[in-house]
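# Breakdown of the fold
One letter stands for each residue in the lines below.
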Amino acid sequence: MITDTHSLKAFFDAQLAPGLEMLRQMVSINSFTSNRDGVNQLGKLTADFFTPFGFQPEYIPSTNPEWGNHLVLTRPGRSNKTLAMVSHLDTVFPPEEEIANNFHWQVDGDHIFGPGTLDIKGGTVMMWLVLAALRAKATQVFEDVTWKLFWNSSEECLSPDFELVCRNRLPAGTIALLVFEAENRLGSNRLMVAARKGRITWKVTVKGRGAHAGGNLKHGVSAVTQLANLVQRIEGMTDFSKELTFNVGRVSGGTVLNRVPHEAVAEGEFRAFSPTVCNEAKAQLLALAGKGDVRSRADGYPSEISVEITSESRPWPRNPGTDRLLALWADCGRELGTSVLAEDRGGLSDGNSLWDAVPTLDGLGPWGDNDHCSERSPDGSKLPEFVEISSFVPKAILNTLAILRLLS
Ligand SMILES: [Zn+2]
């Protein structure tokens, strides 16, 4: 067991340079979700970085042929203890955007700018640092545990199959699933992610009845008018007291101007932390389907509303398994003199689909800011994604100590 945090710090201080060199190589490969070859190249490089630790790679083709392979690295242990770590390979930046915005690896003082430096290639380097330390400084523990490392090829597009890739490879009783998305901060407090909202996307289609707008308006049933009513009702389903938000993101309808529009479509999403609130909201939305209140003024022919749930990312609510992990990280933080707090985030991660399979904690990555942004303004008021170099070592110490305590 490591009790000497000074020797751990010295270890990470020495490993930071090779870790950042890995990061540089990873960032130099464009791995936009739709850049299948880039994602696969990064998967191979990532596996190469971990093979010296005795990991065996498995490349699992995505069910979407447009996307790259998921990566799973396994190192069998001598005991029946399994610990899982999760990261992803893809970024949100197309190659053309990186070129257009001159967005690439760029060290500036304590910041490294570049696509994926924070989300989430810096998180992958954090995994490497922690495993390197465990292997060198707590060899017994490292050898005992079965390590399962997962990289989603298409996290930024909510790949639907990654959940099963993980679930099928995680034995019952897996101790924890640690997600290496970036840390957030509140003042000097480190924020780890202990809950995330679920996100359900939907599509509402209204069928009306086309008619000549000049000669036969009464006969027509305007799908646009019906949709406008529905948009108001859907927006009205937002309930801040339940942390439930509805957003109508896109509407379209009608064709030419001399025609009563026969079809209109709205698409959007809603989000909430509580599974019950999500289910109630879904039922409320689906209940809009059926005959509409906009009808023909000639014969009462009604508009017809259909509602479709187009994707569903379950919520990750606060739960005892996560809270137990959080308490461990907070305890270790206290001993190291830093405060670790929980953050309930609105955005999604792979934790959403896995927290109920294995106790999950997220936010183990380094700190930085402006993830998903590639632009820079001349006055510096707009800066692209960066990771803070000095955030790696203290966070790696925290993660390593907490993992050791978890395994002891
Ligand atoms: Zn991410």
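See the structure shown above.
Just so it is clear, the model here is predicted, and its values are computed rather than measured. Numbers given to residues run from 1 along each chain, matching the order in which its sequence is written. Restriction of local features to residues with pLDDT of at least 70 applies here, the model being predicted, together with a cutoff of 80 or more for giving and counting side-chain atom pairs; totals for whole chains, interfaces and linings are based on all residues. Hydrogens and waters are ignored; side-chain quantities use all the structure's heavy atoms.

### Describing the coordination of the zinc ion
Coordination of the zinc ion by the protein is provided by His88 (NE2), Asp119 (OD), Glu181 (OE) and Glu181 (OE), with metal-donor distances spanning 1.9 to 2.5 Å. As a rule, N, O and S atoms within 2.8 Å of a metal are its donors, except that Na, K and Ca use 3.2 Å; water is not among the atoms, so sites may look incomplete. Each donor residue of the zinc ion lies on the same chain, and together they follow the pattern H-x30-D-x61-E. Highlighted residues: Asp119 in the loop between strand E5 (111-113) and helix H4 (121-137) and Glu181 in the loop between strand E7 (176-179) and strand E8 (184-186), separated in sequence by 62 residues. Exposure class is identical for Asp119 and Glu181. Each is buried. Runs of H or I in DSSP of at least four residues are treated as helices and runs of E of at least two as strands, each being numbered from the N terminus. Only protein chains enter the accessibility calculation, which uses a 1.4 Å probe; a residue whose area is less than 20% of its type maximum is buried, one above 50% is exposed, and one in between is partly exposed.

### Brief notes about the layout of surface pockets
Unfilled space is identified by rolling a water-sized probe across the atoms. The way it works is a 1 Å grid over only the protein atoms, where trapped points that fit a 1.4 Å probe form a cavity and open points with protein on both sides within 12 Å along at least five of seven lines form a pocket, and then any residue with an atom within 4 Å of a point lines it. Grid points are joined across faces, edges and corners, and a volume is the space filled by probe spheres set on the points. Approximately 420 Å³ is the volume found for the largest pocket. As for the largest pocket, its lining consists of 22 residues, and the residues nearest its centre are Asp119, Glu181, Arg196, Arg345 and Asp371. Among the residues making up the lining of the largest pocket, the classes are represented as five nonpolar, six polar and eleven charged. Approximately 310 Å³ is the volume attributed to the second largest pocket. Elements with a contribution of two residues or more to the lining of the second largest pocket: helix H6 (162-167), strand E16 (302-313) and helix H10 (351-354). Considering each element in turn, the lining of the second largest pocket owes the most residues, three residues, to E16. The nonpolar class holds Ala, Val, Leu, Ile, Met, Phe, Trp, Tyr, Cys and Pro. Asp, Glu, Lys and Arg form the charged class, and all remaining residues, Gly among them, are polar. Class assignment for the residues of the lining of the second largest pocket results in four nonpolar, seven polar and five charged.

### Section: the packing of helix H1 (residues 5-27) against helix H2 (residues 36-50)
As a rule, the C-alpha atoms of each element are fitted with a line to give its axis, helices using only the stretch in contact, and angles between N-to-C directions run from 0 to 180 degrees. For the pair H1 and H2, interaxial distance at closest approach is 10 Å and the crossing angle is 165°. Comparing their axes, H2 and H1 come out roughly antiparallel. Relative to H2, the crossing made by H1 is right-handed. Of the residues in H2, those touching H1 at Met22, Gln25 and Met26 are Leu42, Leu45, Thr46 and Phe49. Roughly parallel covers angles under 35 degrees, roughly antiparallel covers those over 145, roughly perpendicular covers 65 to 115, and oblique covers all other angles. Take the far helix as your reference; a near helix turned counterclockwise from it by less than a right angle gives a left-handed crossing, and one turned clockwise gives a right-handed crossing. Contacts between residues were defined by any pair of non-hydrogen atoms, one from each residue, lying within 4.5 Å.

### A few points about the packing of H2 against H4
Contact geometry of H2 with H4 gives a least axis separation of 11 Å together with a crossing angle of 15°. When the axes of H2 and H4 are compared, the pair comes out roughly parallel. Remark: the crossing between H2 and H4 carries right-handed chirality. Where H2 abuts H4, its residues Leu42, Thr46, Phe49 and Phe50 lie against Lys121, Thr124, Met127, Trp128 and Leu131. Here the residues of the contact of H2 with H4 sort into six nonpolar, two polar and one charged.

### A closer look at the pattern of salt bridges
The salt bridge criterion pairs a side-chain nitrogen of Lys or Arg with a carboxyl oxygen of Asp or Glu, the two atoms within 4 Å. Applying the stated rule across the entire model yields 28 salt bridges. A salt bridge links Lys395 to Glu183, with the nearest nitrogen and oxygen atoms 2.8 Å apart. Here Lys395 is found in helix H11 (residues 392-407), whereas its partner Glu183 is found in the loop between E7 and E8, with 212 residues between them in sequence. Across the pair, Glu183 and Lys395 agree in class, each one buried. Ionic pairing is found between Arg314 and Asp356, a salt bridge with its closest N-O pair at 4.0 Å.

### Thoughts on the sheet that holds strand E10 (residues 198-207)
Strands belonging to one sheet form pairs held by backbone hydrogen bonds; the direction of such a pair is parallel or antiparallel. If you trace the five strands from one edge of the open sheet to the other, you get E12-E14-E10-E16-E15, paired in antiparallel fashion. The open sheet has two edge strands, strand E12 (245-253) and strand E15 (290-295), and neither has a second partner. Going across the sheet, the axis of each strand differs from the next one's by a mean of 25°, ignoring polarity. Pairing between strands is defined by DSSP: at least two bridges between the two strands are required. Here E10 runs beside E16; their pairing, made up of nine bridges, is antiparallel. Bridging across to E16, Thr201 finds its partner in Ser311.

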